[in-house]
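Analysis of the macromolecular model
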Amino acid sequence: MTDTLTPIENRDEQSPAGRTLRRASDLVDAGLVDRDRLIEIERVAARYAIAVTPDVAALIDPADPADPIAAQFIPSAAELTTTAAERADPIGDEAHAPIKGIVHRYPDRVLLKPVHVCPVYCRFCFRREMVGPGGAALTPVELAAALDYIRARPAIWEVILSGGDPLMLAPRRLAALIAALDAIPHLGVIRIHTRLPIVEPGRVTARLIAALAAEKAVFVVLHANHPHELTAAVGDACRRMTRAGLPLLSQTVLLRGVNDDPGVLTELMRGLVARRVKPYYLHHGDLAPGTSRFRTGIAEGQAILRAMRGDASGLCQPSYVLDLPGGHGKVPVGPNYLTRSDDGRTLVEDFRGNRHIYPPAS
Ligand SMILES: *Cc1c(COP(=O)(O)O)cnc(C)c1O
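A brief structural summary. Owing to the predicted nature of the structure, the values given are computational and were not obtained by experimental measurement.

Rules of the game
- Residues numbered from 1 in each chain as written.
- Predicted model: local features only at pLDDT ≥ 70, side-chain atom pairs only at ≥ 80, totals over all residues.
- Heavy atoms only, no water.
- Salt bridge = Lys/Arg side-chain N within 4 Å of Asp/Glu carboxyl O.
- Helix = DSSP H or I, 4+ residues; strand = E, 2+ residues; numbered from the N terminus.
- Buried < 20%, exposed > 50% of the residue type's maximum accessible area, 1.4 Å probe, protein only.
- Phe/Tyr/Trp six-rings, centres within 6.5 Å; stacked < 30°, edge-to-face > 60°.
- Lys NZ or Arg CZ within 6 Å of the ring centre and 35° of its normal.

With that settled, the discussion passes to the pattern of salt bridges. By the definition in use, this model includes 26 salt bridges. A salt bridge links Glu 129 to Arg 47, with the nearest nitrogen and oxygen atoms 3.5 Å apart. One end of the pair, Glu 129, is in the loop between strand E2 (109-112) and helix H5 (140-151); the other, Arg 47, is in the loop between helix H2 (38-45) and helix H3 (54-57), with 82 residues separating them in the sequence. Judged by relative accessible area, which is 34%, Glu 129 ranks as partly exposed. Given the relative accessible area of 42%, Arg 47 is considered partly exposed. Each of Asp 93, Arg 105, Lys 113, Arg 127, Asp 323 and Lys 330 takes part in a single network of salt bridges with overlapping partners.

Printed below as a string of structure tokens:
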């Protein structure tokens, strides 16, 4: 790639839905926050980026103080309070970053982070200290070095494009990156983690989808947290992608006040599956600075999953994972259904909560 890898940050003029809200005053002018909160939100904005797309703004009911979309995207003064357990690099990316743009934690797969910008900025983001309009994309030289790192290591089987949101790359740049990865013989899979199809579905154009065409399997993992996010336009974007042969998965962050409820999560997972999106991960909230209001306990998460197991199809069950601080990786922390009886036999709990000896006595 010879061109610079500049993301399209200023595509706003092109958007039929209007302009992304990026300043505290934009949120006030749009009626999403009261004017008396302007100073508070400006203080947060000085520290953490704001972006609310028109699609997302349209989902917010300003009259509802508990609106699950507003909670995810409208800043709060609570973000300026960092608890003792919270840290700038909550999952230890830096401990496993051999060169710029690469995180290599597991033997067979790497993260490649070509850009630092996102279409929206989530208030609970685990990379909130790294992302934002100020963060530079990889330069052509840095990207070439990252690709060389992957080429030189045959043990790498999968490249996960993350960021930032990799679909913020202009389709031409994205196509060049996918083609470069597609040409690496030892890679089996290219995976893309993105929120764009949920928060700005109109940008999932034929050109963008064509940029993802490859001989290798290209999996797209969508980030969705609440059933309100699954609009008709989002459904159309999913259909365009699945028709192009892209397998879709989803990831969800367990968030207090947004989706910490089995009914809400079941509705979300069913909505995803009905749009041909297989729920992959439910993430326990990371220890990102100023995000304590969103975190549940792990026991709460387990109880929610236990309740979902009985009520929803197996297709709707994500795996509940904790990404350990320090860079030790993701660990499944879902409920456990196996115990031992006093005489050492295995007891298995069914979805109603009844215990059974396994193997049965007779
Ligand atoms: C989350 C993550 C992955 C992907 O993990 P999977 O369990 O394969 O989805 C890979 N590398 C890093 C550094 C990660 O944080």
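For the bond running from Gly 163 to Gly 164, omega is 10 degrees, close enough to zero to count as cis. Locating Gly 164 in the fold gives a position in the loop between strand E3 (158-161) and helix H6 (171-182). The backbone of Arg 276 sits at a positive phi, close to 70 degrees, despite the residue not being glycine. For Arg 276, the location among the structural elements is in the loop between helix H10 (262-274) and strand E7 (277-283). Look at Arg 276 and you get exposed, because its relative accessible area is 58%.

Moving on to the packing of aromatic side chains. By the definition in use, this model includes two aromatic pairs. Centre to centre, the rings of Phe 124 and Phe 294 are 5.6 Å apart; their planes meet at 75 degrees, and the pair counts as edge-to-face. With a gap of 170 residues between them, Phe 124 in the loop between E2 and H5 and Phe 294 in the loop between E7 and helix H11 (298-311) connect regions that are remote in the sequence. There is no split in this pair, since Phe 124 and Phe 294 are both buried. Centre to centre, the rings of Tyr 280 and Tyr 281 are 3.9 Å apart; their planes meet at 25 degrees, and the pair counts as stacked. Tyr 280 gets classed as partly exposed once you look at its relative accessible area, which sits at 26%. The ring of Tyr 48 carries the charged tip of Arg 128 above its face, separated from the ring centre by 3.7 Å.

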